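# Working through the structure, step by step
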Amino acid sequence: MSDQLYREVILDHYKNPRGHGVIEDADAEAEGFNPLCGDEVSIYVSFADDDETIEDVKFSGRGCAISQAATSMLVDMAKGRKATELAEMPKDELLEEIGIPLSPIRLKCALLGLGVLKIALHRAKGTPLPQEWAGLDELEFK
Ligand code: FES
C-alpha cells in the first residue's frame, strides 16, 4: 500500500474507532498516559469461556489521531487472540499495520494503546511485560 492509502486507513480508524467504549466488569483493564501531551487511553478486556482468548476489547480516552487510530487497529488485531500471544506481540506488528514512518514522538503516540493492553493482561494473567519498551519510559501506566 502507498503512504497515502495507509494515511486514509489511519484516518478511518480515527474517525470510526473500532471498539470505542467501556466494558463494565472487565476481566482486565489498565490506563496509560503520555505526559508529553497529556493524552490518555484506557483499555478493557473480557475473556472467553476458556479464560484465555480475548473475546472483546474496548478503549476510551482522548488523544491525537495516531494514538486513537493505533489503539483502534490494536482492538481489531486483539480480538480472538490469546492473552499470552498478545503479551508476546512485538510492537513492530502494530507499526507495520500503521504502515507510515513515525518520528520518535509519534512512536510514543502509536504505542500508548499497546502498552496499556500489555499492562492490563499482565495484571489479569501475569503475562510478561515487554522487554522492548526502551525509549518509551516517558509513557506512564496506572
Ligand atoms: Fe498525545 Fe499523540 S499527541 S498521544
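For the structure given in this document, a descriptive report is provided here. In this numbering scheme, every chain counts its residues from 1 along its sequence in written order. The predicted origin of the model limits local features to residues at a pLDDT of at least 70 and limits the giving and counting of side-chain atom pairs to 80 or more, whereas totals for whole chains, interfaces and linings rest on all residues. Just so you know, side-chain values use all the structure's heavy atoms and leave hydrogens and water out.

## Examining the overall build of the protein chain
A tally of helices and strands in the protein chain yields 5 helices and 4 strands. Scanning the protein chain from its N terminus toward the C terminus, one meets helices and strands in the order α-β-β-β-α-α-α-α-β. All radius of gyration figures rest on C-alpha atoms, and the globule criterion is 2.2 Å times the number of residues raised to 0.38. Computed over C-alpha atoms, the radius of gyration of the protein chain comes to 14 Å, within 12% of the 14 Å expected from 2.2 N^0.38 for 142 residues, which places it in the range of a compact globule. For the protein chain, the C-alpha atoms occupy an extent of roughly 40 × 30 × 25 Å along the three principal directions. By the burial criterion, 47% of the 142 residues in the protein chain qualify as buried. Elements are defined by DSSP. Helices are runs of H or I of four residues or more, strands are runs of E of two residues or more, and each kind is numbered from the N terminus. When accessible area is computed with a 1.4 Å probe and restricted to protein chains, residues below 20% of their type maximum are described as buried, those above 50% as exposed, and intermediate ones as partly exposed.

## As for a negative patch on the surface
Each patch is assembled from residues with relative accessible area greater than 30% and no salt bridge, linking like charges that lie within 9 Å and nonpolar side chains (Val, Leu, Ile, Met, Phe, Trp, Tyr) that lie within 5 Å. The Shrake-Rupley method, run with a 1.4 Å probe, gives the accessible areas here. Residue values count only the displayed protein chains as cover. A side-chain nitrogen of Lys or Arg and a carboxyl oxygen of Asp or Glu constitute a salt bridge if their distance falls within 4 Å. Here the positive residues are Lys and Arg and the negative ones are Asp and Glu; neither His nor the chain ends is included. Lys charges are placed at NZ, Arg charges at CZ, Asp charges at CG and Glu charges at CD. Judged by side-chain charge, Glu24, Asp25, Asp27, Asp49 and Glu55 come together as a negatively charged surface patch. Position of aspartate 49 among the secondary structure elements: in the loop between strand E2 (39-47) and strand E3 (54-62). The class of aspartate 49 is exposed, set by a relative accessible area of 83%.

## Regarding the nonpolar core
In globular proteins that are soluble, nonpolar side chains generally tend to be buried together. Here, nonpolar core means buried Ala, Val, Leu, Ile, Met, Phe, Trp, Tyr and Cys residues that are tied together by side-chain atoms lying within 4.5 Å of each other. The biggest cluster of nonpolar side chains holds 37 residues, and the ones touching the most others in it are Ile43, Val45, Leu94, Ile98 and Leu117. Breaking this core down by element, the ones donating at least two residues are helix H1 (3-15), strand E1 (28-34), E2, E3, helix H2 (65-78), helix H3 (83-88), helix H4 (91-98) and helix H5 (104-125). Every residue pair with non-hydrogen atoms within 4.5 Å of one another is taken to be in contact. Ignoring any residue separated from it by four or fewer positions in sequence, one finds valine 45 in contact with Ile23, Ala26, Asp27, Ala28, Ile54, Asp56, Val57 and Leu117.

## Concerning the sheet that holds E3
Here 4 strands make up an open sheet; going across it, the order is E3-E2-E1-E4 and the pairing antiparallel. Each edge of the open sheet carries a strand with a single partner, namely E3 and strand E4 (140-141). Bridge analysis of E2 against E3 gives 8 bridges, and the strand direction is antiparallel. Pairing of serine 46 across the sheet is with aspartate 56, part of E3. Only the contacting stretch of a helix is used when fitting its axis, a line to C-alpha atoms as for every element, and angles between N-to-C directions run 0 to 180 degrees. Running over the sheet, H2 touches E2 and E3 and is turned about 175 degrees from E3. Along the sheet face, H5 touches E1, E2, E3 and E4 and points at about 145 degrees away from the line of E1. For two strands to be treated as a pair, DSSP must find no fewer than two bridges joining them.

## Here's the deal with the side chain of aspartate 39
Mapping aspartate 39 onto the fold places it in strand E2. Within the buried set, aspartate 39 has no salt-bridge partner at all; the shortest N-O distance to an opposite charge, 4.0 Å, is to arginine 62. Throughout this description, a polar contact denotes any pair of N or O atoms lying within 3.5 Å of each other; where both atoms belong to protein, one of them has to be capable of donating a hydrogen while the other can accept it, and for residues adjacent in sequence the pair is counted only when both atoms sit in side chains. At a separation of 3.4 Å, a polar atom in the side chain of aspartate 39 contacts the main-chain amide nitrogen of cysteine 64. Aside from chain neighbours lying at most four places away, what touches aspartate 39 is Gly32, Phe33, Asn34, Arg62, Gly63, Cys64 and Leu112.

## Notes on the pairing of E2
Extensive coverage of E2 is indicated by the burial of 8 of its 9 residues. With 7 bridges connecting them, E1 and E2 associate as antiparallel partners. Its bridge partner lying in E2, alanine 30 is registered against isoleucine 43. Between E1 and E2, which pair antiparallel and follow one another directly, the connecting turn spans 4 residues, one of which, glycine 38, has a positive phi of 90 degrees.

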